[in-house]
Amino acid sequence: MRMTIPVAKVLSALLADPEAERYGLDLMKLTGLPSGTLYPVLHRLQAAGWLVADWEQVDPTAARRPARRYYRLTAEGVRAARQALAELRALSPDPRPRRGGAEPTGAPAW
């Protein structure tokens, strides 16, 4: 999997709660990515076996909205995503200034 900033954002959003199922609009809000960037990333993750996608079972008329397609990381996807993001963090210098010699805390905000 080629690790780009959009891929890292999607993986970070999905890893925030690996068991949760997320739909496209939810992921767009979490990542700040437009649909034209998000959906190709989701497709690549699914093709790599890192992600599964299922349509919800809902009556669009009763729900007054179209059915949503939910995405969730596979067990392999969770493992691979954690490893890929850890490797990316190890390569990325922390751009935040250090105050008083203290070590920075937190992770980069992809």
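Looking at an unreviewed UniProt entry, one finds the protein named PadR family transcriptional regulator and attributed to Micromonospora kangleipakensis.

Peer 1: Describe in detail the overall build of the protein, supporting the description with residues and values.
Peer 2: The number of helices and strands found in the protein is 5 helices and 3 strands. Scanning the protein from its N terminus toward the C terminus, one meets helices and strands in the order α-β-α-α-β-α-β-α. Out of the 110 residues in the protein, the part that is buried amounts to 31%. Long-range pairs, those at least 24 residues apart, make up 53% of the contacts in the protein with a sequence separation of at least 6. In the structure as shown, the protein presents an accessible area of about 7100 Å², 54% of it carried by carbon and sulfur atoms.

Peer 1: Let's hear about the nonpolar core: which residues, and what values?
Peer 2: Grouped together as the largest cluster of nonpolar side chains are 23 residues, with contacts concentrated most on Val10, Leu11, Leu27, Leu42, Leu45, Leu51 and Leu73. Among the elements of the structure, α1 (5–15), α3 (35–47), β2 (51–55), β3 (69–73) and α5 (75–91) are those that each provide at least two residues to this core. Looking at this core element by element, the count peaks at 7 residues for α1.

Peer 1: Tell me about the sheet that holds β2, and please be specific about residues and values.
Peer 2: The strand order across the open sheet built from 3 strands is β1-β3-β2, with neighbouring strands paired in antiparallel fashion. Strands at the two margins of the open sheet, each flanked by one partner only, are β1 (22–23) and β2. Pairing geometry for β2 and β3, over 5 bridges, is antiparallel. Directly across from Trp55, in β3, lies its bridge partner Arg69.

Peer 1: Account for the packing of aromatic side chains, with residues named and values stated.
Peer 2: For any pair of aromatic rings, the description rests on two quantities: the centre-to-centre distance and the angle between the ring planes. If you walk through the whole model with that rule in mind, you get 1 aromatic pair. Ring centres of Tyr23 and Tyr70 lie 5.7 Å apart, and the angle between their planes is 75°; on these two criteria the pair is classed as edge-to-face. With Tyr23 in strand β1 and Tyr70 in strand β3, this pair connects stretches of sequence that are 47 residues apart. Directly above the ring of Tyr23 sits Arg68, whose terminal nitrogen or CZ lies 4.0 Å from the centroid.

Rules of the game
- Residues numbered from 1 in each chain as written.
- Predicted model: local features only at pLDDT ≥ 70, side-chain atom pairs only at ≥ 80, totals over all residues.
- Heavy atoms only, no water.
- Helix = DSSP H or I, 4+ residues; strand = E, 2+ residues; numbered from the N terminus.
- Buried < 20%, exposed > 50% of the residue type's maximum accessible area, 1.4 Å probe, protein only.
- Contact = heavy atoms within 4.5 Å.
- Areas by Shrake-Rupley, 256 points an atom, 1.4 Å probe, with all protein chains shown as cover.
- Core = buried A, V, L, I, M, F, W, Y, C linked by side-chain atoms within 4.5 Å.
- Pairing = 2+ DSSP bridges.
- Phe/Tyr/Trp six-rings, centres within 6.5 Å; stacked < 30°, edge-to-face > 60°.
- Lys NZ or Arg CZ within 6 Å of the ring centre and 35° of its normal.

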